[in-house]
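# Results of the structural survey
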Amino acid sequence: MRNVAGLTAHDIRSRLDRITATDATAVMGTSPWRSKYDVYLEKCVGLTPQEPSPAMLWGQLMEPPLLLFAEHVLSQYHRREIQLTKTGCRRRHSNGVMSCTLDARVVGMAEAVEAKTHASIHGNVNLDDWGTPWTDEIPAWYRDQVLAQLACCPDLERVWVVLSVGRMIPTFYCVDRSAHLARIAEIENTVCDFWDQHIITNIPPGDSTPTLDVTRRINVPTQDEMAVALPDRLIEKRQKV
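Scoring rules and cut-offs
- Residues numbered from 1 in each chain as written.
- Predicted model: local features only at pLDDT ≥ 70, side-chain atom pairs only at ≥ 80, totals over all residues.
- Heavy atoms only, no water.
- Core = buried A, V, L, I, M, F, W, Y, C linked by side-chain atoms within 4.5 Å.
- Buried < 20%, exposed > 50% of the residue type's maximum accessible area, 1.4 Å probe, protein only.
- Helix = DSSP H or I, 4+ residues; strand = E, 2+ residues; numbered from the N terminus.
- Contact = heavy atoms within 4.5 Å.
- Pairing = 2+ DSSP bridges.
- Axes fitted to C-alpha atoms, helices over the stretch in contact; angles between N-to-C directions.
- Salt bridge = Lys/Arg side-chain N within 4 Å of Asp/Glu carboxyl O.
- pLDDT = per-residue confidence, 0-100.
- Phe/Tyr/Trp six-rings, centres within 6.5 Å; stacked < 30°, edge-to-face > 60°.

Another point: the nonpolar core. By size, the foremost hydrophobic cluster in this structure holds 45 residues, and its most contacted members are Ile19, Met98, Leu150, Ile187 and Val191. Breaking this core down by element, the ones donating at least two residues are α2 (21-27), α3 (36-44), α6 (140-152), β6 (158-165), β7 (171-176) and α7 (181-199). Residue contributions to this core peak at eight residues, all from α6. Here valine 191 is in contact with Ile19, Ala24, Val27, Val97 and Met98, once residues within four sequence places are set aside. In this structure, Ala70, Ile82, Val113 and Val162 belong to the second largest nonpolar core, which totals 15 residues.

Structure representation (structure tokens):
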């Protein structure tokens, strides 16, 4: 069975062994929703599955028509018929630490598409973090997510971000690899350092705190025999959280 993100149970388990593009935004400190402590807990501590909110579910259900619209608009942009595919969208970085799942690739071109929804279930829209369409003026956390995708996909030159906002016609943005080479390298180095210093060693980051939503999902053992099998340090950290 697949969840609303199109991932199988095996896919979800394998994501625990990698820092995903979404995880990278938390590690870089740009995510407004998650901290790098959250990433540590998700990789090293048992968490109960996250139930998708109605907004998350609706956003996922909107992805297919949004990609179809992107296919149409990008065909006009390139002045040739293009086709999007889901094939080959799950990628792993050669560093063995990072991974990503693209929403779609452009067949025969070094491009991918990332579908985003904002205020998808109501009409109250705040676009302060979004700049001029057809530029890379998107929120910092989405830009880092896309740059982490480019890090995992050296064959891609750019990622188109198609944004569906409330009741408006979707708008397009473009993040080009050549304009962000330094930031891509910074993300790669920071993520690998985080993996080595905190995930492999099982030491939580001292300069970060978990969010309330994640702490509520911590699956603390209740049976003594289960607790004894865990490292004392990890039990202590769980109790503190």
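A sheet is described by the order of its strands in space; here five strands give the open sequence β1-β4-β5-β6-β7, paired in mixed fashion. In this open sheet, the two edge strands, each paired with only one partner strand, are β1 (84-85) and β7. As paired strands, β6 and β7 are joined by six bridges and run antiparallel to one another. Paired with tryptophan 160 across the two strands is cysteine 174, which belongs to β7. Relative to the sheet, α6 contacts β5 (111-118), β6 and β7, its axis offset from that of β6 by approximately 145 degrees.

Now for the pairing of β5. With six of eight residues buried, β5 is to be regarded as a mostly interior element. In this sheet, β5 lies alongside strand β4 (residues 104-106) in antiparallel orientation, the contact comprising two bridges. Note that in β5 the partner of arginine 105 across the bridge is alanine 112. From the end of β4 to the start of β5, which pair antiparallel, there are four residues, and glycine 108 there has a positive phi angle of about 75 degrees. Strand direction decides the pairing type here: β5 and β6, joined by eight bridges, are parallel. The residue of β6 that forms the bridge with lysine 116 is leucine 163.

Per the counting criterion, the structure on display carries 14 salt bridges. One salt bridge connects aspartate 23 with lysine 43, and the closest N-O pair in it is separated by 2.8 Å. Taken together, the residues span a long stretch of sequence, with aspartate 23 in helix α2 and lysine 43 in helix α3 at a distance of 20 residues. Exposure remark for aspartate 23: the relative accessible area of 5% places this residue in the buried category. With a closest N to O distance of 2.6 Å, aspartate 155 and arginine 91 form a salt bridge.

Bringing the confidence of the model for the protein chain into the picture now. For the protein chain, per-residue confidence averages 84 on the pLDDT scale, and 81% of positions sit at 70 or higher. Low pLDDT, under 50, characterises residues 222-231; the stretch is placed with six contacts to residues that sit more than four places away or in other chains.

Looking now at the packing of aromatic side chains. Applying the stated criterion across every chain yields a total of eleven aromatic pairs. When the ring of tryptophan 130 is compared with that of tyrosine 173, the centres are 5.2 Å apart and the planes differ by 50 degrees; the resulting orientation is tilted. Note that tryptophan 130 is positioned in the loop between β5 and α6 and tyrosine 173 in strand β7, a separation of 43 residues in sequence. Joined through ring pairs, the aromatic side chains of Trp33, Trp130, Trp141, Tyr142 and Tyr173 make up one cluster.

With that settled, the discussion passes to the environment of lysine 116. Topologically, lysine 116 is positioned in strand β5. The buried category is assigned to lysine 116, whose relative accessible area is 11%. In the structure, lysine 116 is positioned 50 residues away from leucine 66 in sequence and 8.6 Å away in space, judged by C-alpha atoms. Apart from the residues within four sequence positions on either side, lysine 116 is in contact with Leu66, Tyr142, Gln145, Val161, Val162, Leu163 and Ser164.

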